[in-house]
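Fold and contact review
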Protein chains: 2
Amino acid sequence: MAEATIRDVARRAKVSVASVSRALNGLNNVRQATRDRVIAAANELGYVPHAGARSLSLSRANALGVVLPDLHGEFFSELVRGMDREASRRGYFLLLSNMHAEGDQAPTALRAMHGRVDGILVMAPHVPPEMLEQALPSTLPALLINAPVEVPTRPSIRIDNEAGAQAAIRHLVGIGCRRILHIAGPEENIDARERAEGYFKAMARYAPGIEPLLFPGNFEEEAGEAAARDMLSDRRGVDGVFAANDMMAIGCLQTLRAAGVQVPDEVAIAGFDDVPMARYLSLTTCRVRIAEIGERAVARLVDRLEGKIERVLNERHQPELVVRGTTAGANSDEMAEHGL
Amino acid sequence: MAEATIRDVARRAKVSVASVSRALNGLNNVRQATRDRVIAAANELGYVPHAGARSLSLSRANALGVVLPDLHGEFFSELVRGMDREASRRGYFLLLSNMHAEGDQAPTALRAMHGRVDGILVMAPHVPPEMLEQALPSTLPALLINAPVEVPTRPSIRIDNEAGAQAAIRHLVGIGCRRILHIAGPEENIDARERAEGYFKAMARYAPGIEPLLFPGNFEEEAGEAAARDMLSDRRGVDGVFAANDMMAIGCLQTLRAAGVQVPDEVAIAGFDDVPMARYLSLTTCRVRIAEIGERAVARLVDRLEGKIERVLNERHQPELVVRGTTAGANSDEMAEHGL
DNA sequence: TTGTAAGCGTTATCAA
DNA sequence: TTGATAACGCTTACAA
């Protein structure tokens, strides 16, 4: 049998479709007896309202589009988990569309969302802003997550990468590191660029006169391994490593340890993100509460959809330095307490 | 300005809406000149078809509903990643709805999908089958992932937990373990139950006469730690551990090692899942290719939606034993090669 | 309090 | 090859 429609219910309850709609949506201009009849009929028929038709009529879909690049494990799930949590709290569905980093999939994915979502959450750390601006349907409210730059006209939420990097360097210097190497992320990635920027600024500030050392990476574990091998062949006096993300920090850590280098005694290591593995390897890192970012993103978008005006347009998520074994030198706590 | 509709395009191109629809959808019964005019007009107006209206008219939404419980990190993202990959390949969107383990959210979530998706993928390892069957809209094609039992009328995809458990035990016995402890998962979880079942069967088969040892757990790391503490206080001759998932295996491993127990020499440990961390900790485990399950699930559902009949109704995903350091005894490879 | 009917933005049928 | 027009399933004026 085909699914029952509102007309079937109306027929069965011997009322008009309008009354069915009113009764089922809890409007008060309907007699109790009528409402009861309608509800009974709906139950008997196993009637479920057709969300598509409903949203066409109401011109709102109660769904949010989520456009993400190919993300690495934890980052993806945490982000979506946070979004989902807040979305279901607010009564919205999430419509997912991964766009693969390359290609011109972004515009396509965004267009296809028109008419099925009320707003979109876009994460595109690699897409140039003008391309993004062009691809975004002008009428569809959007919130940008980690966009390469703050598009002035679009609300956004970003990680405060510089603050995180500064905290990490400050801490490394605080436990006595001087020649600190930065394993950088991919150049086209805004987070990577900002973390490097934070590194340079922090070095100038906390370790003035000491020349910064950069090793180019790509956020993959192998890059950290490569950096470690490089150090093993020519140490250049490096006594600290700040990697642009945890995976590279982990690669570096494992390779150094395997070669017999004492961490943190000879070389201290800090990462960025606080992936679950960081805790197991006791890696010092800048914690990014990804789920929280997802929640905030949804909350802000829904607020806007529901007419609440925003005070802040561009929000920054503050990472939190988590000190663990890879930097926990003998007297680190004490030194940290003394402000450096 | 409001979004342009098909009527605006029609007006601008001086044709009927029917022609616009035909032209834009690539039907061939439209003159080239007309098509050009329509396309030009559409571009000028920045016209994007309204997916909701389209799907109402076509009575198909090009979207799949995904109903998942609260999953732990890697499992969730891998599953969704696999689904998304296949879905975008096939031209479908994913509509996400986490249902939280408790509550009667399942029926609600499922109902709300009516009219916005063409089929649903449901994962509900904890929901009793009759409740599930009742909640599933009878007209909406569904594919069950890890359902508690194979509902005969519903296609499903499951992990072959028994096979995985048997392989693990066989391997442990093969490297010389005899008194093997099983750290079980939650009782209401079908995977956990099947893994325990596999453990019992395999013990009877590969270590006949040796009494099985069970420690109740809940898939959380802490349960593994508790099991380890239990062993530390009373070893009972345990020389092998098979945990129902990696997290518990990891908890056990860390706690034993911290207490100075040599793994694998004194106690060998194997888990289940092959979470990313397993590789770092060199944990032997049964690999479940989660993304692959997601892909298969989408592929099968879409096939069905598109009229391809299925030969297999209930499919089992075969885990693969991955031997690593926590069981790699001196002569394990050799013994494994000799078939035991 | 109820019913009739006009939308919402498409596609598809049927004539022309 | 085109255009009117009736669906699709719902909500909501407007009338009664």
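Residues numbered from 1 in each chain as written. Chains lettered and ligands numbered in written order. Predicted model: local features only at pLDDT ≥ 70, side-chain atom pairs only at ≥ 80, totals over all residues. Heavy atoms only, no water.

What follows concerns the packing of helix α10 (residues 221–233) of chain A against helix α11 (residues 246–258) of chain A. When two helices pack together, their arrangement is captured by the angle between the axes and the distance separating the axes. Residues and elements named next belong to chain A. Closest axis-to-axis distance for the α10/α11 pair is 6 Å, and the angle between their directions is 40°. In terms of axis orientation, α10 runs oblique to α11. Crossing handedness for the pair α10 and α11: right-handed. Across the interface between the two elements, E221, A223, G224, E225, A228, R229, M231 and L232 of α10 pack against M247, M248, I250, G251, C252, T255 and L256 of α11. Looking at side-chain class alone, the contact of α10 with α11 contains nine nonpolar, three polar and three charged residues. (Axes fitted to C-alpha atoms, helices over the stretch in contact; angles between N-to-C directions. Helix = DSSP H or I, 4+ residues; strand = E, 2+ residues; numbered from the N terminus. Parallel < 35°, antiparallel > 145°, perpendicular 65-115°, else oblique. Left-handed = near helix turned anticlockwise from the far one by under 90°. Contact = heavy atoms within 4.5 Å. Nonpolar A, V, L, I, M, F, W, Y, C, P; charged D, E, K, R; others polar.)

Here we come to the UniProt feature "domain: HTH lacI-type" (unreviewed entry) in chain A. Feature annotation in UniProt places "domain: HTH lacI-type" (unreviewed entry) on residues 4–58 of chain A, given in this structure's numbering. Across residues 4–58 of chain A one finds 69% helix and 0% strand; the C-alpha atoms that close the span lie 20 Å apart. (UniProt positions renumbered as here; feature names shortened; annotations may be inferred.)

Here we take up the pairing of strand β4 (residues 142–145) of chain A. Residues and elements named next belong to chain A. Taking every second residue as pointing to the same face, both faces of β4 are buried, with A142 and L144 on one and L143 and I145 on the other. By the bridge criterion, two bridges tie β4 to strand β5 (residues 156–159) in an arrangement that is parallel. Counterpart to L144 in the pairing with β5 is S156. (Buried < 20%, exposed > 50% of the residue type's maximum accessible area, 1.4 Å probe, protein only. Pairing = 2+ DSSP bridges.)

For the pair chain A and chain B, the relating rotation is 180°, the translation along its axis is 0.0 Å, and the fit reaches an RMSD of 0.1 Å. Expressed as an axis order, the relation between the two copies is that of a two-fold axis. Interface overlap between copies is the fraction of interface residues in one copy that are interface residues in the other; for chain A against chain B it reaches 100%, indicating a shared surface. (Least-squares fit on C-alpha atoms with pLDDT ≥ 70 in both.)

Take the protein's contact with DNA strand C next. Every one of the 26 residues lining DNA strand C counts as a neighbour, but A:R22, A:T34, B:S21, B:R54 and B:S57 are closest to it. With respect to DNA strand C, the backbone of A:R31 contributes an N or O atom lying 2.9 Å from a phosphate oxygen. A distance of 3.1 Å separates a phosphate oxygen of DNA strand C from a polar atom in the backbone of B:H50. Every element with two or more residues in the surface near DNA strand C is listed here: α2 (17–24) and α4 (51–58) of chain A together with α1 (6–13), α2 (17–24) and α4 (51–58) of chain B. A per-element tally of the surface near DNA strand C places α4(B) first, with four residues. Looking at the surface near DNA strand C, its residues break down into 11 nonpolar, 10 polar and five charged. (Near = heavy atom within 4 Å. Polar contact = N/O pair within 3.5 Å; in protein donor to acceptor, adjacent residues only side chain to side chain.)

Before going further, it helps to examine the layout of surface pockets. Each pocket or cavity is described by its volume, and for the second largest pocket that value is around 1300 Å³. Around the second largest pocket, the lining comprises 44 residues; the ones closest to its centre are A:P49, A:H50, A:A51, A:R54 and B:A112. Among the elements of the structure, α2, α3 (32–45), α4, α5 (73–90) and β2 (93–98) of chain A together with β2 (93–98) and α6 (105–112) of chain B are those that each provide at least two residues to the lining of the second largest pocket. Among the elements that line the lining of the second largest pocket, the one with the most residues is α4(A), at six residues. Partitioned by chemical class, the residues of the lining of the second largest pocket number 21 nonpolar, 17 polar and six charged. (1 Å grid on protein atoms, 1.4 Å probe; cavity = no way out; pocket = protein on both sides within 12 Å on 5 of 7 lines; lining within 4 Å. Points joined across faces, edges and corners; volume = space filled by probe spheres on them.)

Tallying each qualifying case throughout the model produces two cavities of 30 Å³ or more. Considering only enclosed or pocket space, the largest cavity measures out at about 150 Å³ in volume. As for the largest cavity, its lining consists of 15 residues, and the residues nearest its centre are A:G115, A:R116, B:G52, B:G115 and B:R116. Looking at the lining of the largest cavity, the elements that each hand over two or more residues are α4 of chain A together with α4 of chain B. Considering each element in turn, the lining of the largest cavity owes the most residues, three residues, to α4(A). Split by residue class, the lining of the largest cavity holds seven nonpolar, six polar and two charged.

All names here are of chain B. The strand order across the open sheet built from six strands is β7-β6-β8-β9-β10-β12, with neighbouring strands paired in mixed fashion. The strands lining the two open edges of the sheet, one partner per strand, are β7 (213–215) and β12 (320–322). The sheet shows a mean angle of 20° between the axes of neighbouring strands, direction not considered. Sheet analysis places strand β10 (residues 284–287) next to β12, joined by three bridges and oriented antiparallel. Looking at β12, one finds that C286 is bridged to L321. Along the sheet, helix α9 (residues 190–206) makes contact with β6 (180–183), β7, β8 (240–243) and β9 (268–273), crossing β6 at roughly 165°.

All names here are of chain B. The N-to-C vectors of α1 and α2 enclose an angle of 100°; their axes lie 8 Å apart at closest approach. Between α1 and α2, the crossing angle belongs to the class labelled roughly perpendicular. In contact with I6, R7, V9 and A10 of α1, α2 contributes V17, V20 and S21.

On to the packing of aromatic side chains. Tallied over the full model, the rule gives four aromatic pairs over all chains. Aromatic side chains B:F242 and B:F272 sit 6.4 Å apart centroid to centroid with 50° between the ring planes, which places their arrangement in the tilted category. Within this pair, whereas B:F242 is found in strand β8, its partner B:F272 is found in strand β9, the two being separated by 30 residues in sequence. On the basis of relative accessibility, which here comes to 0%, the residue B:F272 falls in the buried class. Over the ring of A:F272 we find A:R195; its NZ or CZ atom is 3.8 Å from the centre of that ring. (Phe/Tyr/Trp six-rings, centres within 6.5 Å; stacked < 30°, edge-to-face > 60°. Lys NZ or Arg CZ within 6 Å of the ring centre and 35° of its normal.)

Okay, helix α11 (residues 246–258) of chain B next. All names here are of chain B. Relative to the 18 Å expected for 13 residues at 1.5 Å per residue, α11 spans 18 Å between its end C-alpha atoms, a close match to the ideal helical length. Looking only at α11, the buried set comprises D246, M248, A249, I250, G251, C252, L253, T255 and L256. Looking one or two places after α11, you find G260, whose phi comes out positive at around 90°. (Expected span 1.5 Å × (residues − 1).)

Once that is clear, we can look at the interface of chain A and chain B. Each partner contributes residues to the interface: chain A has 45 residues there, and chain B has 46 residues. Roughly 4100 Å² is buried in total at the junction of chain A and chain B, and carbon and sulfur atoms are behind 59% of that figure. Looking at the side of chain A facing chain B, the largest losses of area belong to A:F93, A:H114 and A:Y280, adding up to 18% of the total buried there. Linking chain A with chain B are two salt bridges, by the criterion used here. Breaking the side of chain A that touches chain B down by element, the ones donating at least two residues are α4, α5, β2, α6 (105–113), α11 and α12 (276–280) of chain A. If you tally residues by element for the side of chain A that touches chain B, the top one is α5(A), at eight residues. Taken together, the residues that form the side of chain A that touches chain B break down as 21 nonpolar, 15 polar and nine charged. (Buried area = accessible area lost by both parts, 1.4 Å probe. Salt bridge = Lys/Arg side-chain N within 4 Å of Asp/Glu carboxyl O.)

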